[in-house]
Amino acid sequence: MKADQVQIDPSWKEVLAPEFEKPYFEAIKAFLVQEKKAGKNIYPPGPLIFNAFNHTPFDKVRVVILGQDPYHNPGEAMGLCFSVPQGVKVPPSLANIYKEMLSDIGTPIPPNGDLTSWADRGVLLLNAMLTVEGGKPASHQKIGWQTFTDAVIKTISDQKEGVVFLLWGKFAQGKKPLIDELKHYVLEAAHPSPLAGGAFFGCKHFSRTNELLGEIIW
């Protein structure tokens, strides 16, 4: 699939152009087309697959939060990790993120789980897998998306400076070798999921990010 066929912000289209020309990316597209033809539900909807990139152009990236794969229930996935559309119940991990923000920087807990405003402020909400089959978590883990999103992380690391990478949980922390820590800030914490037993609380990543960047991101 050629770069000009991908519905993604022009700034990303330029820096990721080599990836769009590679066979693995064509294979991703072919797989998704085949799955749709077979009547399978794929989340998020096609126009939202690159939502994170469209709300956070390459030149605007100040913070990267890494998730694993999209929510697999109807109406939840919106192409931004941890985020759900307004009107959808706030997922447990995001509820814990909100609790930490309240404790850390005093931000009142929002009435919904839509993180679009974060993305518009320079927070790239990147899932390692950009699609999932409905009802089957991690079902697209091996179709090539990680090759693409690893390239995204490395491109940010190589071509930018002073970005804060928030690595929550072992999966996200596994991406650490892709990041040049001499040029960027890497903050690690337990995953915000309730399954982590509250180990995420007290990480103070939000105040630390604001301090490192010298600006109020949250």
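Residues numbered from 1 in each chain as written. Predicted model: local features only at pLDDT ≥ 70, side-chain atom pairs only at ≥ 80, totals over all residues. Heavy atoms only, no water.

Draft legend 1. Layout of the pattern of salt bridges. Taken as a whole and judged by the stated rule, the model has seven salt bridges. Close ionic contact of Lys 175 with Asp 150 constitutes a salt bridge, the shortest N to O distance being 2.8 Å. Residue Lys 175 is found in the loop between helix 8 (169-173) and strand 6 (185-189), and its partner Asp 150 is found in helix 7 (residues 145-159); the two are separated by 25 residues along the sequence. Here Lys 175 falls in the buried class, since its relative accessible area comes to 8%. (Salt bridge = Lys/Arg side-chain N within 4 Å of Asp/Glu carboxyl O. Helix = DSSP H or I, 4+ residues; strand = E, 2+ residues; numbered from the N terminus. Buried < 20%, exposed > 50% of the residue type's maximum accessible area, 1.4 Å probe, protein only.)

Draft legend 2. The packing of aromatic side chains, seen in detail. Enumeration according to the criterion identifies 19 aromatic pairs in this entry. Geometrically, the ring pair formed by Trp 12 and Phe 53 is edge-to-face, given 5.0 Å between the ring centres and 90° between the ring planes. Of this pair, Trp 12 sits in helix 1 (residues 10-15) while Phe 53 sits in helix 4 (residues 51-55); the two residues are 41 residues apart in sequence, bridging distant segments of the chain. A relative accessible area of 0% places Trp 12 in the buried class. With a relative accessible area of 0%, Phe 53 lands in the buried category. Seen in terms of ring centroids, Phe 20 and Phe 25 are 5.0 Å apart; in terms of plane orientation they differ by 80°. Their pairing is edge-to-face. Take Phe 20 and Phe 25: they sit in the same class, and that class is buried. A connected cluster of aromatic rings, assembled from ring pairs, spans Trp 12, Phe 20, Tyr 24, Phe 25, Phe 50, Phe 53, Phe 58, Trp 145 and Phe 148. Directly above the ring of Phe 58 sits Lys 160, whose terminal nitrogen or CZ lies 5.1 Å from the centroid. (Phe/Tyr/Trp six-rings, centres within 6.5 Å; stacked < 30°, edge-to-face > 60°. Lys NZ or Arg CZ within 6 Å of the ring centre and 35° of its normal.)

Draft legend 3. A look at the layout of surface pockets. In this model, the largest pocket occupies a volume close to 630 Å³. If you trace the largest pocket, you find 32 residues lining it, with Asp 69, Pro 70, Tyr 71, Ser 93 and His 191 closest to the centre. At the level of elements, strand 2 (63-67), helix 5 (92-105) and helix 8 are the ones that each hand at least two residues to the lining of the largest pocket. Take the lining of the largest pocket: its biggest share by element is four residues, from helix 8. Looking at the lining of the largest pocket, its residues break down into 18 nonpolar, 10 polar and four charged. (1 Å grid on protein atoms, 1.4 Å probe; cavity = no way out; pocket = protein on both sides within 12 Å on 5 of 7 lines; lining within 4 Å. Points joined across faces, edges and corners; volume = space filled by probe spheres on them. Nonpolar A, V, L, I, M, F, W, Y, C, P; charged D, E, K, R; others polar.)

Draft legend 4. Looking closely at the sheet that holds strand 2. The strand order across the open sheet built from four strands is 3-2-5-6, with neighbouring strands paired in parallel fashion. Two strands in the sheet have a free side with no partner beyond their single neighbour: strand 3 (123-127) and strand 6. Within the sheet, the average angular offset between the axes of one strand and its neighbour, ignoring direction, is 20°. As paired strands, strand 2 and strand 3 are joined by five bridges and run parallel to one another. Across the sheet, residue Leu 66 finds its bridge partner in strand 3, namely Leu 126. Contacting strand 2, strand 3 and strand 5 (164-168), helix 7 crosses the sheet at an angle of about 150° to strand 3. (Pairing = 2+ DSSP bridges. Axes fitted to C-alpha atoms, helices over the stretch in contact; angles between N-to-C directions. Contact = heavy atoms within 4.5 Å.)

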